[in-house]
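# Per-entry structural report
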Amino acid sequence: MPQRFGRPGLLGTIARTAVISGTATAVSNRVERRGMQRQAAAQAPQMPAAPPPPPPAAAPAGTDRVGQLTQLADLKAQGLLTDEEFAAEKARILGS
């Protein structure tokens with residue numbers, strides 16, 4: 001079969017068109033996917049940091065220590081106090 005010089009034949013043109021079309025589709029899909037990821041990241045709800053729990057209210061002068069410690073233990077059990085806050089308040093109650 002003689003070799004052709006110059007322009008490609010019908011099959012060559014079809015093959016080149018398919019390659020160009022496939023490449024363009026792949027690039028377009030990637031650009032669209034990346035844009036959707038950026039948009040989703042920008043729209044993701046930002047969880048604000050939870051405000052620290054208010055310190056336990058100062059007990060009246062006549063309240064007993066057992067009642068204060070019970071209230072403090074209840075706050076810790078509810079997850080409103082960290083271990084450090086619990087220990088500090090316990091020390092304050094027992095020290096007074």
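The structure this text deals with has already been given above.
This section reports on the structure supplied with the text. All of these numbers come straight from a predicted model, not from anything done at the bench.

## Quick notes on the overall build of the protein chain
The helix and strand inventory of the protein chain stands at three helices and zero strands. Counting helices and strands in the order they occur from the N terminus, the protein chain gives α-α-α. Relative to its 96 residues, the protein chain shows a buried fraction of 5%. For the protein chain, the exposed area adds up to about 8400 Å²; of that, 62% sits on carbon and sulfur atoms.

## Side note on the pattern of salt bridges
Any two side chains of opposite charge can pair, given that their charged atoms come close. One pass over the full model with this rule turns up two salt bridges. A salt bridge links Asp83 to Lys76; the shortest N-O distance between them is 3.2 Å. Taking relative accessible area as the criterion, Asp83 reaches 53% and is therefore assigned exposed. As a salt-bridge pair, Glu89 and Arg92 come within 3.0 Å of each other at their nearest N and O atoms. Of this pair, Glu89 and Arg92 both sit in helix H3 (residues 83–95), three residues apart, roughly one helical turn.

## Examining the environment of Thr25
Assignment of secondary structure puts Thr25 in helix H1 (residues 10–43). Of the polar contacts made by the side chain of Thr25, one reaches the backbone oxygen of Ser21; its length is 2.9 Å.

## Digging into the packing of helix H2 (residues 65–77) against H3
Viewed as axis vectors pointing N to C, H2 and H3 meet at an angle of 175 degrees, and their least axial separation amounts to 10 Å. The angle between H2 and H3 falls in the class roughly antiparallel. Seen from H2, the contacting residues are Arg65, Gln68, Leu69, Leu72, Ala73 and Lys76; seen from H3, they are Asp83, Phe86, Glu89, Lys90, Ile93 and Leu94. Residues belonging to the contact of H2 with H3 are distributed by class as follows: six nonpolar, one polar and five charged.

## Some details on a nonpolar patch on the surface
Side chains of Leu10, Leu11 and Ile14 sit close together on the surface and give an oily, nonpolar patch of about 370 Å² of accessible area. Tracing the backbone shows Leu11 in helix H1.

Conventions used here
Residues numbered from 1 in each chain as written. Predicted model: local features only at pLDDT ≥ 70, side-chain atom pairs only at ≥ 80, totals over all residues. Heavy atoms only, no water. Helix = DSSP H or I, 4+ residues; strand = E, 2+ residues; numbered from the N terminus. Buried < 20%, exposed > 50% of the residue type's maximum accessible area, 1.4 Å probe, protein only. Areas by Shrake-Rupley, 256 points an atom, 1.4 Å probe, with all protein chains shown as cover. Salt bridge = Lys/Arg side-chain N within 4 Å of Asp/Glu carboxyl O. Polar contact = N/O pair within 3.5 Å; in protein donor to acceptor, adjacent residues only side chain to side chain. Axes fitted to C-alpha atoms, helices over the stretch in contact; angles between N-to-C directions. Parallel < 35°, antiparallel > 145°, perpendicular 65-115°, else oblique. Contact = heavy atoms within 4.5 Å. Nonpolar A, V, L, I, M, F, W, Y, C, P; charged D, E, K, R; others polar. Patch = residues over 30% accessible without salt bridge, like charges linked within 9 Å, V, L, I, M, F, W, Y side chains within 5 Å.

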